[in-house]
Amino acid sequence: MTDVITDTVERRPTPRRKRRLGGRTHIVVFLAPAVLIYTVFSIYPLIESLRLSLFDGLDDGSAVWTGLGNYTTLLSDPNWAVRFWNALWNNLILFFIHMVVQNPLGLLLAALLSLAPRFAGAYRTLIFVPTLLSVVIVGFVWELILSPLWGVAQTMLGAVGLGWLYAPWLGLESSALTAVSLISVWQYVGIPMMLIYAALLSIPDELLDAARVDGLSGVAIFWKVKLPLILPTLGIVAILTYIGNFTASFDLIYSIQGVLGPPDYSTDIMGTLMFRTFFGQQTQIGDIHMGATVASMMFFIILIGVTIYLVGVQRRLTRYEM
Amino acid sequence: MTQTAPPETRRSRRGRSRRTGAAAGVHLVLAGYTLIALFPVVLVVMNSFKNRRGIFGDPLGLPDARSFSLEGYATVLGEGNFALYYGNSLIVTVASLFLILLLGAMAAHALAEYRFRLNTLLGIYMILGIMVPIRLGTVAILQLMVDLDLVNTLLSLILVYTAQGLPIAVFILSEFMRTLSRDIKDCARVDGLSEYRIFFEVVLPLIRPVLATVAVFSMIPIWNDLWFPLILASSDATKTVTLGVQQFIGQYTVNWSAVLASLSIAILPVLALYAIFSRQLIAGITSGAVKG
Amino acid sequence: MSQLVLRKVRKSFGRIDVIHGVDLEVRDGEFVVFVGPSGCGKSTLLRMIAGLEPISGGEIAIGDEVVNDIAPADRGIAMVFQSYALYPHKDVYGNMAFALRHAGEDKAVIDKRVRHAADILGLEPLLKRKPKELSGGQRQRVAIGRAIVRDPEIFLFDEPLSNLDAALRVQMRVEILRLHKRLKTTMIYVTHDQVEAMTLADRIVVLRDGRIEQVGTPLELYHHPENRFVAGFIGSPRMNFLPAARDGQGHVTAAGSRPLDLPVEPGSDVVELGIRPEHVGLCAAGEGHLTGEVLVAERLGGETFLHVDLGEPEPFVVRADGSVTQQSGESVGLRLRPESLHVFDGEGRAHPHRERHALIA
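Counting restarts for each chain: residues are numbered from 1 in the order of the written sequence. Starting at A for chains and at 1 for ligands, labels are handed out in the order in which the entities are written. This being a predicted model, a pLDDT of at least 70 is required before a residue's local features are given, and a value of 80 or more before pairs of side-chain atoms are given or counted; all residues contribute to the totals for chains, interfaces and linings. Based on all heavy atoms of the structure, the side-chain values leave hydrogens and waters out of the count.

### Some thoughts on the overall build of chain B
Logical step 1: Along the backbone of chain B there are 14 helices and zero strands.
Logical step 2: The numbering of helices and of strands both runs from the N terminus, where a helix is a DSSP run of H or I of at least 4 residues and a strand a run of E of at least 2. Order of helices (α) and strands (β) in chain B, N terminus to C terminus: α-α-α-α-α-α-α-α-α-α-α-α-α-α.
Logical step 3: Here chain B has a C-alpha radius of gyration of 26 Å; the compact-globule value for 292 residues is 19 Å, and the former is much larger.
Logical step 4: Along the first, second and third principal axes, the C-alpha set of chain B runs to 80 × 70 × 35 Å.
Logical step 5: Restricting to contacts in chain B with at least 6 residues of sequence separation, those with at least 24 account for 69%. Between the two quantities, the radius of gyration covers C-alpha atoms and the globule rule is 2.2 Å times the number of residues to the power 0.38. Throughout, a contact is declared for two residues whenever any of their heavy atoms are within 4.5 Å.

Written out as structure tokens, the structure reads:
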């Protein structure tokens, strides 16, 4: 028996060392670091925030389960609810102003750029400059320009005969939020402009030539051919505006107006409310559980917006093969 | 001869004049908006080189012999610690970008290249973060950083920014990698390269242009962020430029030349970099990556 | 000796089977072409031989060794890809030397082999160029050179010419043929282009839906297709098919033709007849086997394709001399060459001809 076995072993050709078809460990190695960091520092904190919002802190530092108690407080306790609804309303106004000013302006600039006038490259590059700057810097720059102390805005309006129009907009309850929104529009209009411009460029020239042969004028081509084809991009711009409105706008308001959203909370938004609730300010001590509750509410509000976009808007916007 | 020519000429002449008129309109709008976009920046930088009297007396004038002054810069460089802040911002931005690009490309490669059971699910999980801002988890992130003893370290910012930048990086890169020819990777396999070397030696060189785009996309929000430096790393040793400027201005509100100088110090390097890289940046933004 | 043996090779993606138990033996030095419509599994089968696609069942052996679990680089194969797959960041020399350098081969040996391959393909002047500085034909030549450098036991070609324009394709086809004559290495070549298959192959493997329909020399497939699919797939313009019937005396007719003399055993079950356009002669209307009206005359100069209406759904195509004068609207008579008729049963199988074609031993 043993003989037979050794025999067969020896009869084999000398085995050249050959690599086997690989296992699949490399897939794990490729994925693990990204998934790990992302899970620990992004997904886990989100879930943990949701969890924290279901507890209430005691004076001895321990936490007690309150279910939706914090949410009830936020939405109905007179002290909280007025601030919450005010902040949410301000956020929606902010969003609205971006939708009616920033995005149409971005569309206009992109449409003009896509006509490839001379210096298009220079215009594009320069209009994008504000987007690169820190919101903090932008905030201060505009604060100085609009400041009655310096009087730059006043002087310039005066020069064109509109001096009577001037008011310290950032300090007035009626105009502060609009002023902040327009500063944000000024800073970020480059992003929709670029996205829409890229979409316009991706429309094949032959299609536009065909429209021209069909007798459409430049304006008609824009409305009847280009616009329908870039609708998906406009959808993306809208949802990006919605999300950015809850996050990026904090930096601007915090640096121009501070954490209280003055005057009289007229520029208080969800971001400043969350910051204040979490860390506290003069009259109020910080509360991580209420802070987590505000954050979770923002999460749900964003989720609602994203869902409306995905279900209601995106599915209806046909993506054409180009 | 002359009788047959007119209709043709007239039509083309009218067309031409309408076209010149339209072109002028286009330039009017674009140039006008370009002025609006640049004016505040120019104004601040210009006035930062003036003395107090020049700033208030003639805000719109160029600095001249009487108003030129570097007093603002002297204050900033004397009082603020801007070299350190710049260093911090640079470390945080570069390290985060490196991790986002490397880990993002690795994950995107795995998702685009290999068939495995959790592929689709994991892909959706990774890009969830595009929709949900990481800031909403701030409460828990701060606790986590306290537990890990990372508060007031640059590492805490790097980790958070990496987590924040990964979803969009994975999304853009995996979309692009799916369009890469399968042949070239197969060819490398036939040539005997391991899966790791295929990634580093074949795939990475092919995606370099897209990596640049992702780098630009990820860099701006990191460099400009105020929220996380404020919350996680506000100590003097770990301040970033954005936070440094913000706090410096808070202290020196009445010293206008110092405020303007500190703003200019924050703006000018970014503009210089932009002047160098704007071509790549714009090409990146308008190229295939965002059409998807 | 068999260089490559496939035994009951299967492949499925999830629940979908794409290759259903393929058996094939390829002899040493043979040029075998896999051909079939897109989606027939020919490329998948090639990738399975290369080791790029794991196999779901069966066995692949290269030179007596089962290679099911062996990495592509150690199977003794080299592959040329449709998109050339040149490394864009390396020059031509670097591309050709890449695999050997990676294997840690001696520098002098690499240099000798690269220069040898470059010499065969006339690539010496291009060695320092980057792929983007090359034309399509040059790139494909580099891709082939890279395969030669590896000195494989089997060359695998995955539709290597389909990205080239028509003129270049003809030229590269000849080059590949000469390469095979010179190297005498086994080659497996995938294409959807039957002209490539006919001109290059020692033997052609016709695939459809993951199954082998027929294996044979080009002329075997042309003269003796085993079924309706192969008959229709090989040959251009495509074979004409006509429904067959028996008249009162038991004679077979097609589409109302005069009785036909079939080249198969009498009494076979006959459902359909096939005849290639080049095996039909023209005659005056009313003479010959069939008469019909010319719908279109496509004049290519040297030859003319007449599309003739026989009352069937598809026009009947005749390949005639360039000098024929018939025009659309005219009636023509058609004479079918009886020995070139193909006879199919109800399942689409061809009845074997009584006599093999003279060119096929």
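### What about the overall build of chain A?
Logical step 1: Looking only at helices and strands, one finds 14 helices and four strands in chain A.
Logical step 2: Compactness check: chain A gives a C-alpha radius of gyration of 29 Å against a globular reference of 20 Å for 322 residues, more than 25% above the reference.
Logical step 3: In terms of overall dimensions, chain A has C-alpha extents of about 110 × 75 × 35 Å along its principal axes.
Logical step 4: Looking at the 322 residues of chain A, the share that counts as buried comes to 52%.
Logical step 5: Pairs at least 24 apart in sequence give 66% of the contacts found in chain A among residues at least 6 apart.
Logical step 6: Of the charged side chains in chain A, 19 are positive and 19 negative, and the gap between their average positions amounts to 17 Å. Whether a residue is buried, partly exposed or exposed follows from its accessible area with a 1.4 Å probe, protein chains only, as a fraction of its type maximum: under 20%, in between, or over 50%, in that order. When charges are tallied, Lys and Arg are placed among the positive residues and Asp and Glu among the negative ones, while His and the ends of the chain are skipped. Working definition for charges: the position is that of NZ of Lys, CZ of Arg, CG of Asp or CD of Glu.

### What to know about the confidence of the model for chain B
Residue and element names in this part refer to chain B.
Logical step 1: Summing up the model confidence of chain B, the mean pLDDT is 84 and the portion of residues at 70 or higher is 90%.
Logical step 2: Confidence of the predictor in every single residue is expressed as pLDDT, which spans 0 to 100. Averaged pLDDT values for the elements of chain B fall to 41 in helix H14 (residues 288-291) and rise to 94 in helix H4 (residues 82-113).
Logical step 3: Below a pLDDT of 50 lies the segment residues 1-9, which in the model reaches zero contacts outside its immediate sequence neighbourhood of four places, other chains included.
Logical step 4: Across residues 288-292, confidence stays below pLDDT 50; counting only partners more than four residues off in sequence or on other chains, it has 11 contacts.

### Considering the interface of chain B and chain C
Logical step 1: Counting residues at the interface gives 18 residues for chain B, matched by 22 residues for chain C.
Logical step 2: By convention, the term buried area covers the 1.4 Å-probe accessible surface removed from two parts as they join, with the contributions of both added. Both faces considered, chain B and chain C share a buried interface measuring about 1700 Å² in area, 60% of it formed by carbon and sulfur atoms.
Logical step 3: Ranking the residues of chain B by area buried against chain C places B:Asp183, B:Val190 and B:Asp191 at the top, with a combined share of 36%.
Logical step 4: What makes a salt bridge here is a side-chain nitrogen of Lys or Arg within 4 Å of a carboxyl oxygen of Asp or Glu, nothing more. Residue C:Arg150 is joined to B:Asp191 by a salt bridge in which the shortest nitrogen-to-oxygen separation is 3.9 Å.
Logical step 5: Polar contacts, as used here, are pairs of N or O atoms within 3.5 Å; protein pairs need one atom able to donate a hydrogen and one able to accept it. Residues neighboring in sequence count only if both atoms are side-chain atoms. Along the contact surface separating chain B from chain C lie 11 residue pairs in polar contact (both at pLDDT 80 or more).

### Description of the pairing of strand E13 (residues 272-275) of chain C
Residue and element names in this part refer to chain C.
Logical step 1: Here E13 shows no split at all, with Glu272 and Gly274 on one side and Leu273 and Ile275 on the other all buried.
Logical step 2: We treat two strands as partners when DSSP finds at least two bridges between them. As judged from the four bridges shared by strand E11 (residues 240-246) and E13, these two strands associate in the antiparallel manner. Within E13, the residue paired with leucine 242 across the bridge is leucine 273.
Logical step 3: Two strands pair when backbone bridges link them, and E13 and strand E19 (residues 342-344) are joined in this way by three bridges, in the antiparallel orientation. From the neighbouring strand, glutamate 272 faces E19, where its bridge partner is phenylalanine 344.

### Structural notes on the pairing of strand E15 (residues 290-299) of chain C
Regular strands show a simple pattern: their side chains alternate between the two faces of the sheet.
Residue and element names in this part refer to chain C.
Logical step 1: Pairing between E15 and strand E18 (residues 331-336): four bridges, direction antiparallel. Counted as the bridge partner of leucine 290 is leucine 334 from E18.
Logical step 2: Counted between consecutive antiparallel strands, the loop separating E15 from strand E16 (residues 303-309) contains three residues, among which glycine 301 sits at a positive phi close to 100°.

### Comments concerning the packing of helix H7 (residues 154-178) of chain B against helix H10 (residues 208-224) of chain B
Residue and element names in this part refer to chain B.
Logical step 1: Here an axis means a line fitted to C-alpha atoms, over the contact stretch when the element is a helix, while the angle between two N-to-C directions is reported on a 0 to 180 degree scale. At a minimum axis distance of 10 Å, the contact between H7 and H10 shows a crossing angle of 155°. By the angle between their axes, H7 is roughly antiparallel relative to H10. Of the two elements, H7 crosses H10, and the hand of that crossing is right-handed. Of the residues in H10, those touching H7 at Tyr161, Gln164, Ala169, Ile172, Leu173 and Phe176 are Val210, Leu211, Val214 and Ile222.
Logical step 2: The residue classification treats Ala, Val, Leu, Ile, Met, Phe, Trp, Tyr, Cys and Pro as nonpolar and Asp, Glu, Lys and Arg as charged. All others, Gly included, are polar. In the contact of H7 with H10, the residues fall into nine nonpolar, one polar and no charged. Should an angle fall under 35 degrees it is called roughly parallel, over 145 degrees roughly antiparallel, and 65 to 115 degrees roughly perpendicular, with every other angle called oblique. Whether a crossing is left-handed or right-handed is set by the direction in which the near helix is turned from the far one by less than a right angle, anticlockwise for left-handed and clockwise for right-handed.

### So, the interface of chain B and chain A
Logical step 1: Counting from both sides, the interface comprises 87 residues of chain B and, opposite them, 83 residues of chain A.
Logical step 2: Where chain B abuts chain A, roughly 8000 Å² becomes buried across the two surfaces, and 82% of that area is made up of carbon and sulfur atoms.
Logical step 3: On the chain B side of the contact with chain A, B:Tyr33, B:Leu136 and B:Val139 bury the most area, a combined 9% of that side's loss.
Logical step 4: Measuring nitrogen to oxygen at the nearest pair gives 3.2 Å for the salt bridge that ties A:Asp251 to B:Arg135.
Logical step 5: Inspection of the chain B/chain A interface yields 14 residue pairs in polar contact (both at pLDDT 80 or more).
Logical step 6: Looking at which element gives the most residues to the side of chain B that touches chain A, the answer is helix H1 (residues 6-47) of chain B, with 16 residues.
Logical step 7: Tallied by class, the residues present in the side of chain B that touches chain A amount to 66 nonpolar, 16 polar and five charged.

### Considering helix H12 (residues 241-251) of chain B
Logical step 1: For H12(B), a buried count of eight out of 11 residues is recorded, marking the element as mostly surrounded by other parts of the structure.
Logical step 2: B:Val241, B:Thr242, B:Leu243, B:Gly244, B:Val245, B:Gln246, B:Phe248 and B:Ile249 are the residues of H12(B) that are buried.

### Here we look at the nonpolar core
Logical step 1: With 227 residues, the main nonpolar core has A:Met270, B:Leu263 and C:Phe34 as its most contacted residues.
Logical step 2: Among the elements that make up this core, the one with the highest residue count is helix H12 (residues 218-257) of chain A (16 residues).
Logical step 3: Contact partners of A:Met270, with chain neighbours within four places excluded, come to A:Phe84, A:Ala87, A:Leu88, A:Asn91, A:Phe246, A:Val294, A:Met297, A:Met298 and A:Ile301.
Logical step 4: Think of a nonpolar core as a cluster: buried Ala, Val, Leu, Ile, Met, Phe, Trp, Tyr and Cys residues, connected wherever their side-chain atoms sit within 4.5 Å. Membership of the second largest hydrophobic core comes to 47 residues, among which are C:Leu86, C:Leu121, C:Leu161 and C:Ala197.

### Observations regarding the packing of helix H9 (residues 195-206) of chain B against H10(B)
All names here are of chain B.
Logical step 1: Between H9 and H10, the shortest axis-to-axis distance is 5 Å and the interhelical angle comes to 65°. Accordingly, the angle class assigned to the pair H9 and H10 is roughly perpendicular. Packed against H9, whose contacting residues are Leu204, Pro205 and Leu206, the element H10 presents Arg208, Pro209 and Leu211 at the interface.
Logical step 2: Partitioned by chemical class, the residues of the contact of H9 with H10 number five nonpolar, no polar and one charged.

### Observations concerning the sheet that holds E19(C)
Residue and element names in this part refer to chain C.
Logical step 1: Pairing in this open sheet of four strands is antiparallel, and the strands run E12-E11-E13-E19 from one edge to the other. Every interior strand has two partners, whereas the edge strands, strand E12 (252-254) and E19, have only one. Neighbour-to-neighbour, the strand axes of the sheet open up by a mean angle of 35°, direction not taken into account.
Logical step 2: The sheet contact formed by E11 and E12 spans three bridges and is antiparallel. By the bridge assignment, arginine 246 is partnered in E12 with valine 252.

### So, a nonpolar patch on the surface
Residue and element names in this part refer to chain A.
Logical step 1: Patch members must show over 30% relative accessible area and no salt bridge, and they are joined within 9 Å when carrying like charges or within 5 Å when they are nonpolar side chains of Val, Leu, Ile, Met, Phe, Trp or Tyr. A 1.4 Å probe and the Shrake-Rupley method give the accessible areas. Residues count as covered only by the protein chains that appear here. A contiguous nonpolar surface patch, about 340 Å² in accessible area, is contributed by Phe96, Val100, Val101 and Leu182.
Logical step 2: If you tally residues by element for the nonpolar patch, the top one is helix H4 (residues 78-114), at three residues.
Logical step 3: When its relative accessible area of 44% is taken as the criterion, valine 100 is described as partly exposed.

### Some thoughts on the packing of aromatic side chains
All names here are of chain A.
Logical step 1: Stacked, tilted and edge-to-face pairs are distinguished by plane angle, under 30 degrees for stacked and over 60 for edge-to-face with tilted covering the rest, among Phe, Tyr and Trp rings (Trp via its six-membered ring) whose centres lie within 6.5 Å. Counted under the stated rule, the structure contains 32 aromatic pairs over all chains.
Logical step 2: For the ring pair phenylalanine 222 and tryptophan 223, a centre distance of 5.5 Å and an interplane angle of 85° mean the geometry is edge-to-face.
Logical step 3: Its relative accessible area of 15% is what places phenylalanine 222 among the buried residues.
Logical step 4: The class for tryptophan 223 is exposed, based on a relative accessible area of 54%.

### Some words on the sheet that holds strand E17 (residues 316-321) of chain C
Residues and elements named next belong to chain C.
Logical step 1: Spatially, the five strands line up as an open sheet ordered E14-E18-E15-E16-E17, and their pairing is antiparallel. The sheet is open, and its two borders are formed by strand E14 (280-283) and E17, each paired with just one other strand. Each neighbouring strand pair of the sheet contributes to a mean axis angle of 45°, computed without reference to strand direction.

### Some points on the domain arrangement of chain B
Logical step 1: Segmenting chain B into domains produces domain 1 (6-72) and domain 2 (81-251).
Logical step 2: In this structure, domain 1 of chain B and domain 2 of chain B have C-alpha centres spaced 38 Å apart. Domains are outlined according to an automatic or database domain assignment.

### A short note on the pattern of salt bridges
Logical step 1: In total, this model carries 30 salt bridges over all chains according to the counting rule given.
Logical step 2: In this structure, C:Glu159 and C:Lys42 form a salt bridge, with 3.8 Å as the shortest nitrogen-oxygen distance. Linking C:Glu159 in the loop between strand E7 (154-158) and helix H5 (166-183) with C:Lys42 in helix H1 (residues 42-50), this pair joins segments that are 117 residues apart in sequence.
Logical step 3: Among the charged side chains, a network of salt bridges with common partners joins B:Glu113, B:Arg115, B:Lys185, B:Asp186, B:Arg189, B:Glu195, C:Arg47 and C:Glu53.

### Quick look at unusual backbone geometry
Logical step 1: Between C:Ser236 and C:Pro237 the backbone carries a cis peptide bond, its omega angle lying at -5°.
Logical step 2: Its location among the elements puts C:Pro237 in the loop between helix H8 (228-233) and E11.
Logical step 3: In the Ramachandran plot, A:Phe119 falls in the positive-phi region, its phi being about 65° despite a non-glycine side chain.
Logical step 4: With respect to the helices and strands, the residue A:Phe119 is situated in the loop between H4 and helix H5 (120-127).
Logical step 5: Positive phi is not limited to glycine here, since B:Asp149 has a value of about 60°.

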